[in-house]
Amino acid sequence: MKRFGVMLDCSRNAVMKPEEVINFAKLLKSFGYNMIQLYTEDTFEVEGEPFFGYMRGRYTQAQLSFVVEECEKIGIEVIPCVQTLAHLNQIFRWEEYRAINDTVDILLVEEDRTYKLIESIFKTLRKCFKSNYVHIGMDEAHMLGLGKYLDKNGFKNRFEILSNHLKKVIDIAEKYNFKPIMWSDMFFRLGNHGEYAPKNPNISQDVIEITPKNVGLVYWDYYHEDKKMYDEMFLAHKKFNNEIWFAGGAWTWTGFASGNEFTMQTMIPAMQAAKEHQIDNVLFALWGDNGKECSFYSVLPSLFALKKLYDGQRDMTKIKTEFNQITGEDFDALSACDLPNYVGENRNCKSNISKYALYGDPFNCWLESEIKDSINEEYTKYAELLFGYAQKSKNYSYIFEALASLCDVLSLKYGLGYRTRIAYNKKENFQLSKIIEEYLLVETKLEIFYQKFRDLWYKENNPNGFDVHDIRLGGLKQRLRSCRERLMDYVKGNIINIPELEENILDRFSKEEIFGCYMWSEMVTTNVL
């Protein structure tokens with residue numbers, strides 16, 4: 001094994017403070033890791049590009065250099081991870097970059113301004129980073145060549161568009177003495193009708209021949225629990241004869257709660273396959289999709305255990321004991337950061353019940369089609385448990401307190417709209433009066449959670465980006481008040497009905513797991529934001 005590390009997502013509003021990155025690196029070093037990748041789409045200062053990452057809490061060049069130097073002192077290599085094709089949606093809000101926007105979040109290739117920007121990025125990276133590697137992204141560019149590029153050039157073979165662009169990016173990277181690596185999914189998607197990991201993964205010889213050999217391919221997979229799929233995908237990647245990396249996932253991106261348990265379920269077979277296929281470079285991605293609500297520290301248990309299991313340790317009791325000795329934290333206690341999403345029949349962090357139950361609208365409660373009465377009691381129990389862990393934790397009391405406060409909110413907020421609708425349709429005004437009191441109590445508990453989550457954010461991240469959570473949680477608080485006041489008007493006879501509560505709730509999730517609805521904009525309303 002050459003490199004065993006993590007990727008820290010610093011692009012989804014939360015830019016981790018430099019001192020926190022260094023602190024995280026020290027923990028990883030004590031676990032046996034030797035590498036960090038900083039994923040920065042536009043959250044770093046680029047010379048000559050003032051609007052790149054403007055007002056996004058971006059790292060200065062001095063901060064990046066400081067992180068690199070401090071990590072190097074302890075034996076942690078810091079590799080820059082940027083985007084040179086897609087996932088650049090935030091820059092396109094500025095007039096400066098709209099002319100090079102192909103479509104959605106994709107750069108317009110074969111344009112001088114595009115390569116001027118990319119060269120400025122590499123020039124900046126070379127000043128700040130000492131690693132020979134650079135991760136150039138290029139994943140999930142599903143609409144490549146189908147927007148402004150299509151208007152200007154007509155339809156062209158999309159493999160060729162990708163390959164030609166990639167060659168130009170590689171040339172620029174090598175000009176600054178970088179060896180590029182990239183996500184491999186586009187090579188598979190373009191040949192498998194958009195699918196990255198089909199049942200029988202295959203890659204055509206044409207694609208293999210058109211792929212430059214001087215770029216490493218990073219196979220990412222955070223989902224499969226079957227070792228066979230990893231085996232098949234590694235074999236498919238090896239057909240390229242390129243350097244192969246593997247990126248698994250330590251689940252931090254579906255909401256406020258972590259997913260240590262699912263991380264272990266998916267990454268243990270992944271590590272077994274990586275070892276058998278002699279993959280030299282392995283990392284775990286800690287994404288922060290949709291606002292980065294989850295603390296990266298909450299997946300320390302799975303990060304530690306996976307390294308020990310990879311190294312051959314099989315005794316989980318010994319692994320947990322060593323974790324406590326190194327971190328001063330209880331393995332099972334910190335793993336309990338998963339709990340807000342592990343309620344009822346749901347035992348999978350992909351179904352982020354704690355987020356949609358928090359933000360679900362009490363009157364337009366389309367997410368409440370499957371309410372389980374016992375879940376309120378589970379959240380009460382979890383709140384007590386997590387508050388108890390907060391008292392014992394040496395380093396992460398603030399994380400436990402935030403999650404305990406979230407569970408405390410959900411002990412009443414979960415199913416609130418459902419209970420409101422039942423009482424309203426039964427015309428039980430006495431019960432509605434009691435529910436109105438619940439609304440008041442939820443508002444009080446929500447304010448406590450807001451303060452705890454705010455503390456967590458400002459400890460770990462730059463302040464930019466928390467404005468989004470002010471808007472979300474502030475909007476939720478106002479919406480609860482608005483619904484409460486309308487209920488009061490109805491009970492008092494000031495209004496004769498509440499139309500939203502008279503509409504039938506359709507069973508949105510009868511045939512599928514509640515997954516894919518983890519964007520705040522999707523769960524907070526069915527109306528246009």
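Now for a description of the structure that goes with this document.

Let's talk about empty space enclosed by the protein
For the structure shown, the criterion picks out two cavities of 30 Å³ or more. A volume near 50 Å³ is recorded for the largest cavity. Only helix H16 (397-413) and helix H18 (429-460) provide two or more residues apiece to the lining of the largest cavity. A per-class count over the lining of the largest cavity returns eight nonpolar, one polar and one charged. By volume, the second largest cavity amounts to about 30 Å³. Lining the second largest cavity are Leu38, Thr40, Phe44, Leu64, Pro80, Cys81, Val82, Leu125 and Phe129. Partitioning the lining of the second largest cavity into residue classes produces eight nonpolar, one polar and no charged.

Concerning the pattern of salt bridges
Under the counting rule described, the total for this entry stands at 34 salt bridges. The partner of arginine 113 in a salt bridge is glutamate 49, and the shortest N-O contact between them spans 2.8 Å. Residue arginine 113 is found in helix H4 (residues 112-128), and its partner glutamate 49 is found in the loop between strand E2 (35-39) and helix H2 (61-73); the two are separated by 64 residues along the sequence. One salt bridge in this structure joins aspartate 361 and arginine 479, with 2.6 Å as the shortest N-O distance. Here arginine 479 lies in helix H19 (residues 466-492) and aspartate 361 lies in the loop between helix H14 (353-359) and helix H15 (374-392), a separation of 118 residues in the sequence. The class for arginine 479 is partly exposed, based on a relative accessible area of 23%. Residues joined in a network through salt bridges with shared partners are Asp9, Arg12, Glu41 and Asp289.

What about the packing of helix H1 (residues 18-31) against H2?
Packed helix pairs are characterised by how far apart their axes lie and by the angle those axes make with each other. Running from amino to carboxyl end, H1 crosses H2 at an angle of 20 degrees, the nearest separation of the two axes being 10 Å. As far as their axial angle goes, H2 and H1 are roughly parallel. H1 and H2 meet at a crossing whose hand is right-handed. Of the residues in H2, those touching H1 at Pro18, Val21, Ile22 and Ala25 are Gln63, Phe66, Val67, Glu70 and Cys71. Tallied by class, residues from the contact of H1 with H2 come to seven nonpolar, one polar and one charged.

Description of the packing of aromatic side chains
The final tally for this structure, using the stated rule, is 45 aromatic pairs. Both rings, one in phenylalanine 4 and one in phenylalanine 284, keep their centres 5.6 Å apart while their planes meet at 70 degrees; by these two values the pair is edge-to-face. Placement of the pair is phenylalanine 4 in strand E1 (residues 3-9) and phenylalanine 284 in strand E10 (residues 281-286), with a sequence separation of 280 residues. By relative accessible area, which is 2% here, phenylalanine 4 ends up buried. Lying across the ring of phenylalanine 178, arginine 126 places its NZ or CZ 3.9 Å from the centre. The ring of phenylalanine 4 is capped by lysine 307, whose NZ or CZ atom sits 5.3 Å from the centre of that ring.

Comments concerning the nonpolar core
With 186 residues, the main nonpolar core has Leu8, Phe24, Phe122, Phe187, Phe246, Leu303 and Leu358 as its most contacted residues. Ignoring sequence-local partners within four residues, the contact set of phenylalanine 122 consists of Thr84, Val134, Ile136, Val169, Ile172, Ala173, Tyr176 and Phe178.

Concerning a nonpolar patch on the surface
A surface patch of nonpolar side chains, about 450 Å² in accessible area, is lined by Val104, Met143, Leu146, Leu150 and Phe155. Examined against the element boundaries, phenylalanine 155 turns out to sit in the loop between helix H5 (148-153) and helix H6 (158-175). The exposed category is assigned to phenylalanine 155, whose relative accessible area is 61%.

Things to note about unusual backbone geometry
A positive phi angle is found at methionine 55, which is not glycine, with a value near 60 degrees. Secondary-structure assignment places methionine 55 in the loop between E2 and H2. The exposure class of methionine 55 is exposed, given its relative accessible area of 62%. With a phi close to 60 degrees, asparagine 177 is a non-glycine residue in the positive phi region.

What about the environment of leucine 476?
With respect to the element layout, leucine 476 can be found in helix H19. On a C-alpha basis, the gap between leucine 476 and alanine 86 in space is 32 Å, while along the polypeptide they are 390 residues apart. Residue contacts for leucine 476: discarding those within four places in its chain leaves Leu358, Tyr359, Lys413 and Leu446.

Points about the side chain of threonine 40
Residue placement: threonine 40 occurs in the loop between E2 and H2. For threonine 40, a relative accessible area of 5% gives the class buried.

Regarding the layout of surface pockets
Put simply, the largest pocket is a space of about 1,100 Å³. Along the wall of the largest pocket there are 41 residues; nearest its centre are Arg12, Asn89, Asp289, Asn290 and Met519. Of the residues forming the lining of the largest pocket, the biggest block, three residues, is contributed by H19. Classifying every residue of the lining of the largest pocket gives 17 nonpolar, 13 polar and 11 charged.

Quick look at the pairing of strand E7 (residues 179-183)
The element E7 is extensively covered by neighbouring structure, given that four of its five residues are classed as buried. Of the pairings in the sheet, the one linking strand E6 (residues 133-135) to E7 comprises three bridges and is parallel in character. If you follow valine 134 over to E7, its bridge partner there is proline 180. As paired strands, E7 and strand E8 (residues 216-220) are joined by three bridges and run parallel to one another. Across the sheet, residue methionine 182 finds its bridge partner in E8, namely leucine 217.

Structural notes on helix H9 (residues 227-238)
Helix length check: H9 (12 residues) gives 17 Å between terminal C-alpha atoms against 16 Å at 1.5 Å per residue, within 8%. Taken residue by residue, H9 has Lys227, Met229, Tyr230, Asp231, Met233, Phe234, Ala236 and His237 as its buried positions. The inward-facing, buried residues of H9 abut helix H7 (185-189), E8, strand E9 (244-249) and helix H10 (260-276). By the N-cap criterion, in which a side-chain oxygen at the helix start approaches the backbone nitrogen of a residue two or three places on, H9 is capped by aspartate 226, the distance to lysine 228 being 3.0 Å.

Parameters and conventions
Residues numbered from 1 in each chain as written. Predicted model: local features only at pLDDT ≥ 70, side-chain atom pairs only at ≥ 80, totals over all residues. Heavy atoms only, no water. 1 Å grid on protein atoms, 1.4 Å probe; cavity = no way out; pocket = protein on both sides within 12 Å on 5 of 7 lines; lining within 4 Å. Points joined across faces, edges and corners; volume = space filled by probe spheres on them. Helix = DSSP H or I, 4+ residues; strand = E, 2+ residues; numbered from the N terminus. Nonpolar A, V, L, I, M, F, W, Y, C, P; charged D, E, K, R; others polar. Salt bridge = Lys/Arg side-chain N within 4 Å of Asp/Glu carboxyl O. Buried < 20%, exposed > 50% of the residue type's maximum accessible area, 1.4 Å probe, protein only. Axes fitted to C-alpha atoms, helices over the stretch in contact; angles between N-to-C directions. Parallel < 35°, antiparallel > 145°, perpendicular 65-115°, else oblique. Left-handed = near helix turned anticlockwise from the far one by under 90°. Contact = heavy atoms within 4.5 Å. Phe/Tyr/Trp six-rings, centres within 6.5 Å; stacked < 30°, edge-to-face > 60°. Lys NZ or Arg CZ within 6 Å of the ring centre and 35° of its normal. Core = buried A, V, L, I, M, F, W, Y, C linked by side-chain atoms within 4.5 Å. Patch = residues over 30% accessible without salt bridge, like charges linked within 9 Å, V, L, I, M, F, W, Y side chains within 5 Å. Areas by Shrake-Rupley, 256 points an atom, 1.4 Å probe, with all protein chains shown as cover. Pairing = 2+ DSSP bridges. Expected span 1.5 Å × (residues − 1). Polar contact = N/O pair within 3.5 Å; in protein donor to acceptor, adjacent residues only side chain to side chain.

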